[in-house]
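Take a look at the letters that make up each chain.
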Amino acid sequence: MNVIIVAVGSELLTPFHQDTDSLYLTLRLNDLGYDVSEKIIVGDEFENLKRAFQKAREEARMVFVTGGLGPTDDDRTREAVSSVLNRPLEFREEILRTIEERFLRRGKTMPAANRKQAEVIRGAEVLPNPAGTAPGLWIEEEGKIIVLLPGPPPELQSIFETQVRPRLAGRERAFLVRRVLKTSGLTESEVESLIEGLYPRDPALRLTILASPGQIELHVSAFSVVSAAEAERRADALTFELGRCLGPAVFSADGSDLETVVGRLLSGRKETVAVAESCTGGLVSRRLTRIPGSSTYFREGFVTYANQAKIDRLGVPSRTIESFGAVSPETAAAMAEGVRHVADADYGLAVTGIAGPSGGTAEKPVGLVFCAVAGLEATRVERSLFLGDRTRVQDQSSQKVLDMLRRFLEEKSSR
Ligand code: ATP
């Protein structure tokens, strides 16, 4: 059963307020096996509101309308829905009493404007609102369900949990499961070409690719009207095939981020790491230490920007910097080996590069970064040329060096 959410509120069309109600509803509805096919955000203007609701009602089997149930003149959701459904608004004395009592409990008299919150669309069931004044409304017609909920998140959520969920739970439903594969080290187009042919034709199976700096995520969702187990089987079969095509680029199949995976690998092997950063300004250390329990494997982090700091703190030979420059594979390797030694860690990580926007040359442009991982047996260095502003270069660099360590550890563990 497809669902359309209509979020009402002119403030949601400004840069200052986000429609978080629809995120909450989508999460909860997906859990119950309902698929949200569209969201519409519409301002308070009456004709626009009617048009948005009309479209949702034509195209969906279930429509959620959020917001615009308040007492002020711009709260016109009830009237708009009543007009589209061609059902009049009816005044309910008992709702008015509840609202008045709510004000009295706080020692206040109900303003006259709140009277309109006691108006109910003919034939609607009233969904009591324990957290506020405007009740929700539940309407069924021609096999479709229309639910009106107040906009403030605590009110919407409490009505959903106490009134909407129990009504939906016993109905015809589907089962929806999701899987997420996270990859590193591949571009979006490389991922696309590796998984070519795996895009599902079956409408009950969906694949979405999401790209962020240094990370491509593949989101699989599978529906079944039969059972959760069937949906899981479908999702797992596609996820397995995707994993096979993408190989070692996949670092997580359970939603974990890269630093968590690296932390798990280090803990499992009872090994430690130390980090030397130029260019990323402590981001790699920050990401590693964000994980609870990281003090068991994270020894030390250095932010060494000046050449002298690389020499003094990490023991990088001055002739290495003089001969090859601070941004070079030789300096990256010396930083990683130096920090490993100084911190007495099993692995040393290093980043050196030009994050920009200034400091680039024709030979060493902005975005040029060398990442290194030093272990007992070997030191690996990789050169990258990242695009984007300073923050993006830093994000991609931190991702790159963590991924190098992850691959290093996985290779060792599989030997
Ligand atoms: P009220 O009775 O409080 O007026 P309402 O149903 O009329 O409730 P609105 O007036 O549209 O709701 O919005 C009240 C507040 O609820 C807004 O200021 C906003 O903070 C929050 N809100 C409304 N819609 C959303 C939404 N879609 N996502 C998140 N917050 C929302």
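Everything numeric here is computed off the predicted structure, so don't read it as measured data.

K.L.:
Sorry if this is basic, but what is going on with the sheet that holds strand β10 (residues 205–212) here?
P.N.:
The strands making up a sheet are joined through hydrogen bonds of the backbone, oriented either antiparallel or parallel. Taken together, four strands build an open sheet; the order of strands is β10-β11-β9-β12 and the sheet is antiparallel. Unpaired on one side and paired on the other, β10 and β12 (250–252) mark the two borders of the sheet. Here the average twist between neighbouring strands, direction ignored, is 30 degrees. The pairing of strand β9 (residues 175–184) with strand β11 (residues 215–224) spans 10 bridges and is antiparallel. Across the sheet, the residue bridging to Val180 is His219, located in β11.

K.L.:
Can you help me understand the sheet that holds strand β13 (residues 273–277) in this one?
P.N.:
As summarised here, the arrangement of the five strands in space is β14-β13-β15-β16-β17, forming an open sheet in which the pairing is mixed. Edge positions in the open sheet fall to β14 (298–303) and β17 (379–385), since each of these has one partner strand only. Along the sheet, successive strands turn relative to each other by an average axial angle of 10 degrees, direction set aside. Bridge analysis of strand β15 (residues 347–353) against strand β16 (residues 368–374) gives six bridges, and the strand direction is antiparallel. Residue pairing across strands places Thr352 opposite Phe370, the latter belonging to β16.

K.L.:
Whenever I open this one, the site of the ligand confuses me. Can you help?
P.N.:
Lining the immediate environment of the ligand, one finds 18 residues, of which Asp19, Thr20, Leu69, Gly70 and Gly151 sit closest. Thr20 places a polar main-chain atom, nitrogen or oxygen, 3.0 Å from a nitrogen atom of the ligand. The contact in question runs from a nitrogen atom of the ligand to an N or O atom on the backbone of Asp21, over 3.1 Å. Within the complex, the protein chains bury 77% of what would otherwise be the 610 Å² of accessible surface of the ligand. In terms of residue class, the shell around the ligand is built from six nonpolar, eight polar and four charged.

K.L.:
I tried to follow the packing of aromatic side chains on my own but got confused; where do I start?
P.N.:
Note on aromatic pairs: each is described by the distance of the centres and the angle between the planes. Tallied over the full model, the rule gives three aromatic pairs. Look at Tyr24 and Phe160: their rings are 6.0 Å apart centre to centre, the planes differ by 90 degrees, and that puts the pair in the edge-to-face class. Highlighted residues: Tyr24 in helix α1 (residues 21–31) and Phe160 in helix α5 (residues 153–169), separated in sequence by 136 residues. Here Tyr24 matches Phe160 in class, with each residue buried. Connected via pairs of aromatic rings, a cluster forms that spans Tyr24, Phe64 and Phe160. Sitting over the ring of Phe46, Arg76 keeps its end group 4.1 Å from the ring centre. Stacked on the ring of Trp138, the Lys or Arg Arg167 has its end atom at 5.7 Å from the ring centre.

K.L.:
Would you take a moment to explain the packing of helix α8 (residues 258–269) against helix α13 (residues 390–414) for this structure?
P.N.:
For the pair α8 and α13, interaxial distance at closest approach is 10 Å and the crossing angle is 35 degrees. As α8 packs across α13, the resulting crossing turns out to be left-handed. Every residue of α13 that contacts α8 at Leu258, Glu259, Val261, Val262, Leu265, Leu266 and Arg269 is listed here: Gln399, Leu402, Asp403, Leu405, Arg406, Leu409, Glu410, Lys412 and Ser413. Of the residues contributing to the contact of α8 with α13, the split by class is eight nonpolar, two polar and six charged.

K.L.:
Would you mind going over helix α2 (residues 46–59) with me for this structure?
P.N.:
For an α-helix the count is 3.6 residues per turn, leaving residues at separations of three or four pointing the same way. The end-to-end C-alpha distance of α2 is 20 Å, a good match for the 20 Å that 14 residues give at a rise of 1.5 Å each. The inward-facing, buried residues of α2 abut β1 (2–8), β2 (35–42), β3 (62–66), α3 (77–85), β7 (136–141) and β8 (144–149).

K.L.:
Please clarify how the environment of Leu27 should be interpreted in this entry.
P.N.:
For Leu27, the position within the fold is in helix α1. For Leu27, a relative accessible area of 48% translates into the label partly exposed.

K.L.:
Help me understand the side chain of Arg57 in this model?
P.N.:
One can find Arg57 in helix α2. Polar contacts involving the side chain of Arg57 include one to the side chain of Glu141, which spans 2.8 Å.

K.L.:
Sorry if this is basic, but what is going on with the nonpolar core here?
P.N.:
Generally speaking, a soluble globular protein has its nonpolar side chains buried in company with each other. Counting residues in hydrophobic clusters, the biggest one holds 32 residues, and the most contacted among them are Val6, Phe53, Val63 and Leu148. Take this core: its biggest share by element is five residues, from α2. For Val63, the contacting residues outside a window of four places in its chain are Ile4, Val6, Phe53, Ala56, Arg57, Ile145, Ile146 and Val147. Core analysis: the second largest hydrophobic core is formed by 29 residues, Val262, Cys371, Phe386 and Leu402 among them.

K.L.:
Which parts of the structure should I look at to understand the pairing of β17?
P.N.:
Residues in a regular strand project their side chains so that they alternate between the two faces of the sheet. Sheet analysis places β16 next to β17, joined by seven bridges and oriented antiparallel. For Leu368, the partnering residue across the bridge sits in β17 and is Leu385. Between β16 and β17, which pair antiparallel and follow one another directly, the connecting turn spans four residues.

Cut-offs used in this document
Residues numbered from 1 in each chain as written. Predicted model: local features only at pLDDT ≥ 70, side-chain atom pairs only at ≥ 80, totals over all residues. Heavy atoms only, no water. Pairing = 2+ DSSP bridges. Helix = DSSP H or I, 4+ residues; strand = E, 2+ residues; numbered from the N terminus. Axes fitted to C-alpha atoms, helices over the stretch in contact; angles between N-to-C directions. Near = heavy atom within 4 Å. Polar contact = N/O pair within 3.5 Å; in protein donor to acceptor, adjacent residues only side chain to side chain. Areas by Shrake-Rupley, 256 points an atom, 1.4 Å probe, with all protein chains shown as cover. Nonpolar A, V, L, I, M, F, W, Y, C, P; charged D, E, K, R; others polar. Phe/Tyr/Trp six-rings, centres within 6.5 Å; stacked < 30°, edge-to-face > 60°. Buried < 20%, exposed > 50% of the residue type's maximum accessible area, 1.4 Å probe, protein only. Lys NZ or Arg CZ within 6 Å of the ring centre and 35° of its normal. Left-handed = near helix turned anticlockwise from the far one by under 90°. Contact = heavy atoms within 4.5 Å. Expected span 1.5 Å × (residues − 1). Core = buried A, V, L, I, M, F, W, Y, C linked by side-chain atoms within 4.5 Å.

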